[in-house]
Amino acid sequence: MTDVKLTLKINKPLKIGYQGTPGSNAETATKAIVKRLKLQQVELVPLTTSQNVCDHLVEGSIDFGVMARQNSISGMVSETLKAVPSKDLHRVTFQVIPINHCLFKLPDVPMSTLTTIASHEEALCQTKNIRARMFPQLNELTTEDTALSAKQLAEHILPSTTAVLCSKQAGLQHNLELVCEHVADKINNNTLFDLTYYYDDKEKLLKHHTEEYQDFVQAVQEQLEEDMKQRKRIGATDPTDPK
């Protein structure tokens, strides 16, 4: 694939909101998209939930949004399906990233005292069977975000008897103790994240801020070809394919 140099001349940063918080898989996907499209002067806005991303897109407080669409284990992401409007949401590209769910707890808290595993519903769904085998005694608690769970445990918002499933980055950045990693019901766990925008004015924004807009279009077209290769990794489908 041709390496197209994409330079954005931006008077103010492009705001990209993502479904998650710092340290989440969505943040990782967003950074990968920014790097792949060679976007400059970008402000990443953590919005925790898909609903928040959609609301901010409609309000115009962000220019683009990144949300999880499909996972190789759990299928279509129900949170995003419920939040995405039935029309007027446009997809620029998507990014598939490997998911490494890690189990963390507070340091110096014995495993024998743990009662609960907290995480986002998708992480709990993707690890249901292996958790039943490894930690049958632990109840599950659904939270808004995997990385947020780590933050809440570190800040003692969650009880000390709680363990959390999150990315390795999230657990380590909050000084939690790693119990185990690669927790998943299947060996290969990948999630597809979409970069989207609302209405056509954001295309005009790119035209306004891009010195060579055709280079941008060409870059996106080439990335779409690369995307198709990534889709095959998880057999991605989308019954509610936006424009």
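Scroll up to find the structure this text is about.
No experiment lies behind these values; they were computed from the predicted model shown. (Residues numbered from 1 in each chain as written. Predicted model: local features only at pLDDT ≥ 70, side-chain atom pairs only at ≥ 80, totals over all residues. Heavy atoms only, no water.)

### Some points on empty space enclosed by the protein
Step number 1: Tallied over the full model, the rule gives three cavities of 30 Å³ or more.
Step number 2: Roughly 240 Å³ of internal volume is contained in the largest cavity.
Step number 3: In terms of lining residues, the largest cavity is bounded by 21 residues, among which Asn25, Ala68, His120, Glu122 and Phe193 are the most central.
Step number 4: Of all the secondary structure elements, the ones that give two or more residues to the lining of the largest cavity are α1 (25-36), β3 (64-71), α4 (121-126) and β11 (190-198).
Step number 5: For the lining of the largest cavity, the class distribution of residues is six nonpolar, eleven polar and four charged. (1 Å grid on protein atoms, 1.4 Å probe; cavity = no way out; pocket = protein on both sides within 12 Å on 5 of 7 lines; lining within 4 Å. Points joined across faces, edges and corners; volume = space filled by probe spheres on them. Helix = DSSP H or I, 4+ residues; strand = E, 2+ residues; numbered from the N terminus. Nonpolar A, V, L, I, M, F, W, Y, C, P; charged D, E, K, R; others polar.)

### Comments concerning the nonpolar core
Step number 1: Within the largest apolar cluster, 24 residues are counted, with the highest numbers of intra-cluster contacts made by Leu103, Ile117, Val164 and Leu176.
Step number 2: Of all the elements in the fold, those that place two or more residues in this core are β6 (102-105), β7 (116-120), α6 (146-154) and β9 (162-166).
Step number 3: The element best represented in this core is β9, accounting for four residues.
Step number 4: When neighbours within four sequence positions are excluded, Leu103 is seen to be in contact with Ile117, Phe135, Ala163, Val164, Leu165, Glu177, Leu178, Val179 and Cys180.
Step number 5: In this structure, Leu14, Leu39, Ile97 and Leu195 belong to the second largest nonpolar core, which totals 19 residues. (Core = buried A, V, L, I, M, F, W, Y, C linked by side-chain atoms within 4.5 Å. Buried < 20%, exposed > 50% of the residue type's maximum accessible area, 1.4 Å probe, protein only. Contact = heavy atoms within 4.5 Å.)

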